[in-house]
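# Structural features, examined
What follows is each chain in one-letter form.
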Amino acid sequence: MENQVKQAYEAAKLLYAQHGIDTDEVLKKLAEIKVSVHCWQGDDVRGFLNKDGELTGGISVTGQYPGAATTPAELRADLEQAFSLIPGKHKVNLHAIYADTDEQVELDRIEPKHYANWVKWAKEQGLGLDFNPTCFSHEKSSDGFTLSHPDPEIRKFWIDHCKAARRIGAYFGEQLGQTCVTNVWVPDGFKDNPVDRMTPRKRLKDSLDDVFAEKLDPKHHLDAVESKLFGLGSEAYVVGSHEFYMGYGLQNGTLVCLDAGHFHPTEVISNKLSSLALFTNGILLHVSRPMRWDSDHVVIMDDELLEIARELVRHDLLPTTHIGLDFFDASINRVAAWVVGTRNTIKALLRAMLEPVDALKSAELAGDYTLRLALTEEFKSYPFGAIWDYYCAQQQVPVREQWIAEIKTYEQEVLLQRDKSFV
C-alpha cells in the first residue's frame, strides 16, 4: 500500500507540475492550517456544568447512538482518537459548560482554574484551544433572552459570564502560545412578530460594549461575534442578525463569524467572504452543513464546502481566517463524525490549493471565458486523491477508508462499554 501511494503521488505530482503547481509546497502549506474542532459533537452539547438540563436556545440534537462522552476525561479520550485519524495539528473549540472541575460554579464565576485540565491536555497533545461563552440551556436564558434581556440583573449575569469567558480565552492563548478565538453567540429572539426590533438590539450593543471593554492582548486572544437568521423558538426575529453583527464587528474591530447554517436555505457564505475580507482584519468560519435550515449535519465534500475553500485559497484569506467546525449528530458514531467532517474540510482546502489559480485569473482578466470554463472543468478530474493519500501517509494517519476499522475497534472497546446494554 505504501509503495502504491508513493507511486500514485509521483505520477500526480508530474501532472500538476505541468501547470506550475508544486505539490510538495502545497502539502507544506496545508500542514500549517489549523481547524478548530468543536468539542460539543462528542456529547450532544450537554457539557459538564449542567449535564441534566434541557437544551435550549434553539438547539436540538437528534439520535440515540451509544457512547456519548459523559465526563471530561471521556471527551478528551474521544478527541484523541479522532485526532489520531486526522492529518495535521489542530485546535479544540470549547464551550464554557465544558469546565473540568468538581466545584459547583455558576457561569458568571468561571475562572481559568476550572479549565486547567484542558490546558494541560492541550499542551501534551500539541493542540490549541478556542472558547465560547455558553448563553443557553440555563435558567437565566429560559425566556429566550440573555445579553439583550430587559431585566438589567439578568443582563448583567450574562455580561459577567462573557467577560469571564474572554479572560479564560486569553489564558488559553497565553498558556498554549496559540491565539484563542472567543466567539460570542446568543440565542435572543422572539417566536412571533415583535413590535420593537430596535430596543433589544440597542441593549445587545450596549452589553457587547461592556463585555469587550477590557483590552486583551491580540497575540493571545481575539474576539468574534456570530449571527443567526432564526432559531427554534425565535423564528420571527433574532436580535443578533447578520447585519447587526457585521456592523458591530466592522465598527469595533472584532472578528465576524460566518456560520454556514445561519442564513437563508439558498444563501451561502462562500459568496460573502471576498466582500467581508475587504473591510475586516479577519474572519471566523463555522463550517457546517445545513439541511432544511440550521440543522448542522456532518460536513461532507459538497459544492459549498469546495466553494468556501476556493474563496479562501484564491484570495489568500487563509492567514486571516479562523476555520472552525460546528455540527452535532447523535445518529452516528460521534467520533467518526469528527473524523469525516474534519478530513473533508482539510481535503477541500487541498483541492482548492491544487487548482491553477493564477492561470484562471489571467484567463478571466483577458476575457477568455472559454479557457476559464474548460480548465476549471478539467481540473475536477485531476488526481487530487493521490495527493491526499500521500499527505495522510506523510502525516502518519490512515489512508482512505482505513480509519473506519480503527473507529469500529474504538467503538467496541471504549464507546459501547459506556452503555452496557449495547455490549
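Residues numbered from 1 in each chain as written. Predicted model: local features only at pLDDT ≥ 70, side-chain atom pairs only at ≥ 80, totals over all residues. Heavy atoms only, no water.

### Some remarks on a nonpolar patch on the surface
What counts is decided by this rule: Exposure above 30% relative accessible area and no salt bridge define the residues that can form patches, which grow by joining like charges within 9 Å and nonpolar side chains of Val, Leu, Ile, Met, Phe, Trp and Tyr within 5 Å. Only the protein chains shown count as cover for residues, and the accessible areas themselves come from Shrake-Rupley with a 1.4 Å probe. The term salt bridge refers to a pairing of a side-chain nitrogen on Lys or Arg with a carboxyl oxygen on Asp or Glu at a separation within 4 Å. Going along the chain from the N terminus, every DSSP run of H or I of four or more residues is numbered as a helix, and every run of E of two or more is numbered as a strand.
On the surface, Leu 250, Leu 278 and Phe 279 cluster together into a nonpolar patch covering about 360 Å² of accessible area. Within the secondary structure, Leu 250 sits in helix H7 (residues 242-252).

### A word on helix H3 (residues 72-83)
What counts is decided by this rule: One fewer than the residue count of a helix, multiplied by 1.5 Å, yields its expected span. The buried label goes to any residue with under 20% of its type's maximum accessible area, the exposed label to any with over 50%, and the partly exposed label to all in between, with areas taken from a 1.4 Å probe on protein chains only. Should any heavy atoms of two residues lie within 4.5 Å, those residues are considered in contact.
A rise of 1.5 Å per residue sets the reference length of H3, with its 12 residues, at 16 Å; its end C-alpha atoms lie 16 Å apart and thus fit the reference within 8%. Among the residues of H3, those classed as buried are Pro 72, Leu 75, Arg 76, Asp 78, Leu 79, Gln 81, Ala 82 and Phe 83. For H3, the secondary structure elements touched by its buried residues are strand E1 (35-38), strand E2 (91-95), helix H4 (116-125), helix H10 (334-353) and helix H14 (402-415).

### Regarding the environment of Val 92
With respect to the helices and strands, the residue Val 92 is situated in strand E2. Separated by 54 residues in the primary sequence, Val 92 and His 38 place their C-alpha atoms 5.9 Å from one another. Every residue in contact with Val 92, bar those within four places of it in the chain, is listed here: Ser 36, Val 37, Cys 39, Leu 79, Phe 83, Trp 121, Leu 127, Gly 128, Leu 129 and Asp 130.

### Regarding the state of the cysteines
Condition: Cysteine sulfur atoms that come within 2.5 Å of each other are treated as a disulfide pair.
In this structure the tally under the stated criterion is zero disulfides. This cysteine, Cys 39, is not joined by any disulfide, and Cys 180 carries the nearest cysteine sulfur, 12 Å off. Judged by relative accessible area, which is 0%, Cys 39 ranks as buried. Take Cys 162: it sits in no disulfide, and the sulfur closest to it among the cysteines is that of Cys 135, at 4.0 Å. A residue is classified by how much of its surface remains accessible, and Cys 162, at 1% relative accessible area, is buried.

### Quick look at the environment of Thr 146
Position of Thr 146 relative to the elements: it lies in the loop between strand E3 (128-132) and helix H5 (152-176). Remark: the alpha-carbon pair of Thr 146 and Lys 156, spanning 10 residues in sequence, is separated by 9.0 Å.

### Some thoughts on the pairing of E1
Regular strands have side chains that alternate between both faces of the sheet. What counts, and what does not: Each pair of strands is called paired provided DSSP finds at least two bridges between the two strands.
Side chains Val 35 and Val 37 of E1 all project onto a buried face; the interleaved residues Ser 36 and His 38 project onto the opposite face, where all are buried too. Alignment of E1 against strand E10 (residues 321-325), held across two bridges, turns out to be parallel. Among the inter-strand pairings, Ser 36 is bridged to a residue of E10, identified as Gly 324. Two strands pair when backbone bridges link them, and E1 and E2 are joined in this way by three bridges, in the parallel orientation. In the strand pairing of E2, His 38 is matched with Asn 93.

### Some thoughts on the pattern of salt bridges
One pass over the full model with this rule turns up 25 salt bridges. Residues Arg 418 and Glu 74 are paired through a salt bridge, measuring 3.8 Å at the closest nitrogen-oxygen approach. Of the two residues, Arg 418 sits in the segment after H14 while Glu 74 sits in helix H3, which places them 344 residues apart along the sequence. A salt bridge links Arg 418 to Asp 78; the shortest N-O distance between them is 2.8 Å. Of this pair, Arg 418 sits in the segment after H14 while Asp 78 sits in helix H3, and the two are 340 residues apart along the sequence. The partly exposed category is assigned to Arg 418, whose relative accessible area is 24%. On the basis of relative accessibility, which here comes to 2%, the residue Asp 78 falls in the buried class. Bridged by salt links that share partners, the residues Glu 307, Arg 310, Arg 314 and Glu 355 form one connected network.

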